[in-house]
Amino acid sequence: AEGEKREKIIVCLCILAALQGLYGGGEMLTQKSGWIYDSTALGSDNLIGGEYLLTGTKPEQVLKVPRVSGQDVSILQYRKNIGNIQLMVNCENENGYVEVPFLYYKGYTAVDQEKRMYSVTAGDNNQVRILLPQGKSELEIAFQEPFYWRAAESISLMGIAAVLWIGKRRFL
């Protein structure tokens, strides 16, 4: 009886830990609340050792506000939330772009209100750069986790389940 109670507690704790790992990682990048980092936190000594910076990124040159390709692109509205940026821009030619204050990693997307995808690349100093068509665009820029992150989380969950199952058979 006492062994069954202990087993249930361990199983519940493992399930809670697994759910937190599966849900929490992606949620941190997409939710509207969480940790807030302002521009003063971007000093070179505040990026730990720079382990996650792309080669060639200069922390002291990280953008604090969006930058446009030239006078032919204007920012009409800008709002940076935690994990996403909402931006309204007007581009007078077909070769304009805007760079936003996110460091570029594979997985960033730029989508307008009609769900059209815009091309996202690494810009100057590895900032997120969105290539713009001619005209006015209202965009949301956010990070979308790759499918293989979710696959890796599933494999981890199966590993935890296997350890629990083997432990149950051997020790209880």
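Right above here is the structure, for reference.
Residues numbered from 1 in each chain as written. Predicted model: local features only at pLDDT ≥ 70, side-chain atom pairs only at ≥ 80, totals over all residues. Heavy atoms only, no water.

## Quick look at the layout of surface pockets
A probe as big as a water molecule, rolled over the atoms, marks out the empty space that is left. Counted as a void, the second largest pocket has a volume near 330 Å³. Taken together, 18 residues form the lining of the second largest pocket, with Gln-86, Val-111, Leu-139, Glu-140 and Ile-141 sitting closest to its centre. Counting residues per element, the ones that place at least two in the lining of the second largest pocket are strand 2 (73-80), strand 3 (84-91), strand 5 (108-112) and strand 9 (135-143). With six residues, strand 9 is the largest single contributor of residues to the lining of the second largest pocket. Residues of the lining of the second largest pocket, tallied by class, amount to eight nonpolar, five polar and five charged. (1 Å grid on protein atoms, 1.4 Å probe; cavity = no way out; pocket = protein on both sides within 12 Å on 5 of 7 lines; lining within 4 Å. Points joined across faces, edges and corners; volume = space filled by probe spheres on them. Helix = DSSP H or I, 4+ residues; strand = E, 2+ residues; numbered from the N terminus. Nonpolar A, V, L, I, M, F, W, Y, C, P; charged D, E, K, R; others polar.)

## Quick word on the sheet that holds strand 9
In space, the five strands of this open sheet follow the order 2-3-9-5-6, with antiparallel pairing throughout. In the strand order of this sheet, the two ends are held by strand 2 and strand 6 (117-118), each with one partner. Relative to strand 6, strand 5 is paired through two bridges, and the arrangement is antiparallel. The partner of Ala-110 across the bridge, within strand 6, is Tyr-118. (Pairing = 2+ DSSP bridges.)

## Focus: the nonpolar core
If you look at the biggest cluster of nonpolar residues, it comprises 18 residues, and the most contacted ones within it are Val-100, Val-128, Ile-130, Leu-132 and Ile-141. Of all the secondary-structure elements, those providing two or more residues to this core are strand 3, strand 4 (96-103), strand 5, strand 8 (127-132) and strand 9. With four residues, strand 3 is the largest single contributor of residues to this core. (Core = buried A, V, L, I, M, F, W, Y, C linked by side-chain atoms within 4.5 Å. Buried < 20%, exposed > 50% of the residue type's maximum accessible area, 1.4 Å probe, protein only.)

## A closer look at the pairing of strand 5
Sheet faces and side chains relate simply in a regular strand, where the side chains alternate between the two faces. Across the five residues that make up strand 5, a large majority, four, are buried. Examined bridge by bridge, strand 5 and strand 9 share five bridges and lie antiparallel to one another. Paired with Val-111 across the strands is Glu-140, a residue of strand 9. Between strand 5 and strand 6, which pair antiparallel and follow one another directly, the connecting turn spans four residues, one of which, Lys-115, has a positive phi of 70°.

## Comments concerning the sheet that holds strand 8
Judged by pairing direction, the sheet is antiparallel, and its four strands sit side by side in the order 1-4-8-7 without closing on themselves. Across the chains shown, the open sheet's two edge strands, defined by having one partner strand only, are strand 1 (67-68) and strand 7 (120-122).

## Quick notes on the packing of aromatic side chains
What the rule picks out here adds up to four aromatic pairs. Measuring from centroid to centroid gives 5.3 Å for Tyr-108 and Phe-143, while their planes differ by 75°, and the two rings are edge-to-face. Separated by 35 residues along the polypeptide, Tyr-108 in strand 5 and Phe-143 in strand 9 bring together distant segments of the chain. Considering the side-chain rings of Phe-147 and Tyr-148, the 5.7 Å spacing of their centres and the 80° angle between planes classify their relative orientation as edge-to-face. The structure contains a cluster of three or more aromatic residues connected by ring pairs, namely Phe-102, Tyr-108, Phe-143 and Trp-149. Stacked on the ring of Tyr-97, the Lys or Arg Arg-129 has its end atom at 3.8 Å from the ring centre. (Phe/Tyr/Trp six-rings, centres within 6.5 Å; stacked < 30°, edge-to-face > 60°. Lys NZ or Arg CZ within 6 Å of the ring centre and 35° of its normal.)

Nothing here speaks to function; it is geometry throughout.
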